[in-house]
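Listed here are the chains, written in short residue letters.
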Amino acid sequence: MNKKRLLTALMASWMVAQASAQVSLETVFSGPFSEPYGVAVDLATNDYFVTDSANHRILKYDSVQDEFGNFAGLPGLSGAADGRGVQARFFNPQGISFAVRGGIQGLVVSDSGNHTIRFIDLDGNVTTIAGGTGSSGSADGAGADARFNSPTGVAADDDGTVYVADLLNNRIRVIAPDNSVTTLDPVLSRPSDVTLDTDNNILYVTDSGSHSIQRIDLNDVTPTAELIAGSPSGVSGFRDNLVGTEARFHNPRGIVYVNEIVGLLVSDTANNALRRVYENDDLGGGIFTVERYAGTPWEGLTSPMGLAVDALGNIPVASLGTDSLVRVLLTEPQPRIANPVIGFVQFVENELGELDSVLTPVVNATFNNDVKIIISGEAGTGGAFFEFGANPNTVPDPTADSQNQASDAYRDGLSPAQVADIPSEVDIATEGPDFTIKAFSAQTGRLPSEIVSARFRFKASNPVINGENPIDFSVSNATVGVTMRYTTNGDEPTETSALYDPAQVPELEFAGSNEVTFKVKAFKQGYEPSQTVQRIFNLQNLRTTQIGVLADYESGAGSTAVIPVEVQVAPDRQLQSLQFRFEVTPSAGAPEVPDQLRILPINSTNDFVRFAAPSTNAPNASLYNQPDGVKGLAISYLGSTGMNILSSNVVAMVAVPIPPTAAEGDTYTLSVLNTSGTQDGVQQELQILPFADRTITVANK
């Protein structure tokens, strides 16, 4: 196939591709503008910024809320003041580009009527970075020493270097990060706008005076301008063509580099159209093709000026002829990503009796126990990015570069085992007791979610003092894993105070007083301590569980006295295990009792007075001897004895043999001592006090 036939085939396929391209045009906003010239986009939020030139201000368009607002300058008031928001003044601002300079995100604006270049951070603070206010010229130099002449389009690279289309000087100016200004060599004809291919370090220029598009390779030691589209002789017109230099433009004023595939979009201002200019690999290297992209014969695009690419890939365009902002829609608008939910997991029973997980959102909540913290984002968008810290005022906003990314495995309806496999996003023991999480979700081609935050506080529950009996009370706490510390001298409990043991009742020493103040506080790693809880215990509330012999007895020499040992359980308590010693001590000169000291069955049919058995099993009893003729029995109800005494009960019938040699008037002291018992049969202590000693007096009647 010869070259002419190849070109004909390529032209046919190009025309088919043009016919199948589908774009639509919509008016974003009209009304507040007077000669809009430039538009820039903050890709993180998809907010638009527009130079409202004849109103001498910069407008901000919130594309999510669909609202315009004044960003910098005051409508109708020209001037040259730096300042914040409405305190700043501009004079016919035109070009605008998003930029990061010195680590600060913001906008570079060509303040054309003032012949200066301004920078506005995203809080609206305006500063002048180059040029002398109201003084035109072409001098290079540092910042305010440099001069411009009606600068228009601007573009910035990743390092913060700014390129300026210096319209009436017919040159491209360069502002370094330190604000020093230099001039590129190529002499142009009313350059009106610039755009950068930052990947390849190429600058493209709409040269409105020659009705052409120029390319400047910034990699060259001495960059030169190369015509890529439009007439070599500066002839205006409207013509698309496979070969860019055969195409025609009429006063092109705006330009934006989209990407390597789309190439450049150009505002062909006097032709009321957008044109696409791209390097056509089918024609060999260095040949650019021009085609109509949007505009004529459509209504709504009149004298298009500055243009940009937004976060969704659509093209906002400043329409000078209609005083409006229009947008070329390449795809159906995608909804903004739903905000992630920061919360904790609970479980509810479903209709089958199984437990299903439910994520409960948190904004600001205090917890008394550990919870599973989950950040759940919209399905299919990947895990949300998040940051966290102790001070909510200093936690940074998350970005797509944040190191913390939530798991995307959670969804409602999981089983406890499935939830257990998902790690909690924050380690409470390490980061507690008070931290704030900020999170957002992002996905290519869609607006990111809003940043949401949640504050989590973890605090030990206040202890609960159960009971008013000084020798029979307990302390409970709803927080799992706490330690509780207490004092009885009025001091505040600390982590070094006495440790409360749930198996033992703290000993209160009244020391001659009728009252003791008991203070207790709960502590747990990663948690704020509880409040101090106190109770004043009074001797008037003393309710004891006691055991012993309740009466004195008389018995003849050589007889056997049967002595009941009774326990009286304090109200609201129960006795399920018991140990004590029963001792018999002879008075001076009295003979000791024989080894036949023993216990008898309770509830025996031979008893004259029958008592209810305290348990289903008989107690264990062991005889022992002490000095001075003391004999005793070690009696115990331990293990599965079936004991459950709620009030009063005889727990032992002790047979005390009186020696035949005992003289009338001899006495034997009956003592119950070394008492202990539990309420649960295992370890929940029940304090038991012995009754006063009783006596057997020998009476030979």
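Our subject is the structure listed above.
So, a few notes on the structure that sits alongside this text. If you're wondering where the values come from, they're calculated on a predicted model, not measured in any experiment.

## Quick word on the overall build of the protein chain
Inference 1: In terms of regular secondary structure, the protein chain is built from three helices and 52 strands.
Inference 2: Computed over its C-alpha atoms, the radius of gyration of the protein chain comes to 47 Å, more than 25% above the 27 Å expected for a compact globule of 701 residues.
Inference 3: Overall, the C-alpha framework of the protein chain stretches about 150 × 60 × 45 Å when taken along its three principal axes.
Inference 4: Counting contacts in the protein chain only where the partners sit at least 6 residues apart, residues at least 24 apart contribute 56% of the total.
Inference 5: When the accessible surface of the protein chain is totalled, it reaches about 31800 Å², and 46% of it is carbon and sulfur.

## Looking at the sheet that holds strand β45 (residues 598-600)
Inference 1: The sheet built from five strands is open, its strands ordered β45-β48-β43-β41-β51 with mixed pairing. Edge positions in the open sheet fall to β45 and β51 (688-690), since each of these has one partner strand only. For this sheet, the mean angle separating the axes of adjacent strands, direction not counted, is 30 degrees.
Inference 2: As judged from the three bridges shared by β45 and strand β48 (residues 648-657), these two strands associate in the antiparallel manner. Following the sheet pairing, I599 is matched in β48 by V654.

## A closer look at the environment of Q531
Inference 1: Residue placement: Q531 occurs in the loop between β39 (515-523) and β40 (533-538).
Inference 2: Since its relative accessible area comes to 48%, Q531 is described here as partly exposed.
Inference 3: Measuring from C-alpha to C-alpha, the distance between Q531 and G432 comes to 17 Å, with 99 residues separating the pair along the chain.
Inference 4: Apart from residues no more than four positions distant in its own chain, Q531 is found in contact with K459, N462, P463, V520 and K521.

## Some details on the pairing of strand β46 (residues 620-626)
Inference 1: Bridging between β46 and strand β47 (residues 630-637) involves seven bridges; their strand directions are antiparallel. Bridge pairing in β47 links Q626 to V630.
Inference 2: Hairpin connection, β46 to β47: the antiparallel pair is bridged by three residues, and D628 has positive phi, about 65 degrees.

## Comments concerning the nonpolar core
Inference 1: Counting 36 residues, the largest nonpolar core has V565, F580, F582 and V656 as the members making the most contacts within it.
Inference 2: When residues of this core are traced back to their parent elements, those giving at least two are β43 (560-568), β44 (577-586), β47, β48, β49 (667-678) and β52 (694-698).
Inference 3: Ranked by the residues each element gives to this core, the list is headed by β48, at six residues.
Inference 4: Not counting chain neighbours up to four residues away, the residues in contact with V565 comprise I547, G548, V549, F580, F582, N649, V650, V651, A652, V654 and V672.
Inference 5: By size, the runner-up hydrophobic cluster in this structure holds 20 residues, among which are V426, I437, F456 and Y527.

## Quick look at the pattern of salt bridges
Inference 1: Scanning all chains against the criterion turns up 21 salt bridges.
Inference 2: A salt bridge links D434 to R457, with the nearest nitrogen and oxygen atoms 3.9 Å apart. Of this pair, D434 sits in strand β33 (residues 434-440) while R457 sits in strand β34 (residues 452-458), and the two are 23 residues apart along the sequence.
Inference 3: Residue classification places R457 among the partly exposed positions, given a relative accessible area of 26%.
Inference 4: Through salt bridges with shared partners, one network takes in D434, R455, R457 and E528.

## Focus on the sheet that holds strand β16 (residues 191-197)
Inference 1: In spatial order, the strands read β16-β17-β18-β19; together these four strands make up an open sheet with antiparallel pairing. Either end of the sheet is taken by a strand with one partner, and the two such strands are β16 and β19 (225-230). Here the average twist between neighbouring strands, direction ignored, is 25 degrees.
Inference 2: Strand direction decides the pairing type here: strand β17 (residues 202-207) and strand β18 (residues 212-217), joined by six bridges, are antiparallel. Directly across from T206, in β18, lies its bridge partner I213.

## Things to note about unusual backbone geometry
Inference 1: Even without being a glycine, H56 presents a positive backbone phi close to 60 degrees.
Inference 2: For H56, the position within the fold is in the loop between β3 (47-52) and β4 (57-62).

## Describing the pairing of β48
Inference 1: Buried residues dominate β48, accounting for nine of its ten residues.
Inference 2: Inspection of the sheet shows β43 paired to β48 by nine bridges, in the antiparallel sense. Bridge pairing links V562 to A655 in β48.

## Digging into the side chain of T51
Inference 1: One can find T51 in strand β3.
Inference 2: Among the polar contacts listed, one links the side chain of T51 to the backbone oxygen of Q94, at a separation of 2.6 Å.

## With respect to a negative patch on the surface
Inference 1: Together, D158, D159, D199, E260, E279, D281 and D282 make up a negatively charged patch on the protein surface.
Inference 2: With respect to the helices and strands, the residue E279 is situated in strand β22 (residues 273-279).
Inference 3: In this structure E279 comes out as partly exposed when scored by relative accessible area, which is 40%.

## Quick word on the side chain of T206
Inference 1: Among the secondary structure elements, T206 is positioned in strand β17.
Inference 2: For T206, a relative accessible area of 0% translates into the label buried.
Inference 3: In contact with T206, not counting residues within four places along its chain, are R190, P191, S192, D193, S212, I213, P252, R253, G254, I255 and V266.

## Quick notes on the environment of I658
Inference 1: With respect to the helices and strands, the residue I658 is situated in the loop between β48 and β49.
Inference 2: Among the residues examined, I658 registers a relative accessible area of 3% and is labelled buried.
Inference 3: Along the primary structure I658 and P591 are separated by 67 residues, whereas in three dimensions their C-alpha atoms are 8.8 Å apart.

## Structural notes on the packing of aromatic side chains
Inference 1: Per the stated rule, a full pass over the model turns up 18 aromatic pairs.
Inference 2: Here the aromatic rings of F33 and F68 are separated by 5.1 Å at their centres, their planes lie at 90 degrees, and the arrangement is edge-to-face. Of the two residues, F33 sits in the loop between β1 (24-30) and β2 (36-42) while F68 sits in strand β5 (residues 67-73), which places them 35 residues apart along the sequence. Of the two residues, F33 and F68, both sit in the buried class.

Criteria and cut-off values
Residues numbered from 1 in each chain as written. Predicted model: local features only at pLDDT ≥ 70, side-chain atom pairs only at ≥ 80, totals over all residues. Heavy atoms only, no water. Helix = DSSP H or I, 4+ residues; strand = E, 2+ residues; numbered from the N terminus. Rg over C-alpha atoms; globule rule 2.2 N^0.38 Å. Contact = heavy atoms within 4.5 Å. Areas by Shrake-Rupley, 256 points an atom, 1.4 Å probe, with all protein chains shown as cover. Pairing = 2+ DSSP bridges. Axes fitted to C-alpha atoms, helices over the stretch in contact; angles between N-to-C directions. Buried < 20%, exposed > 50% of the residue type's maximum accessible area, 1.4 Å probe, protein only. Core = buried A, V, L, I, M, F, W, Y, C linked by side-chain atoms within 4.5 Å. Salt bridge = Lys/Arg side-chain N within 4 Å of Asp/Glu carboxyl O. Polar contact = N/O pair within 3.5 Å; in protein donor to acceptor, adjacent residues only side chain to side chain. Patch = residues over 30% accessible without salt bridge, like charges linked within 9 Å, V, L, I, M, F, W, Y side chains within 5 Å. Lys, Arg positive; Asp, Glu negative; His and termini not counted. Charge placed at Lys NZ, Arg CZ, Asp CG, Glu CD. Phe/Tyr/Trp six-rings, centres within 6.5 Å; stacked < 30°, edge-to-face > 60°.

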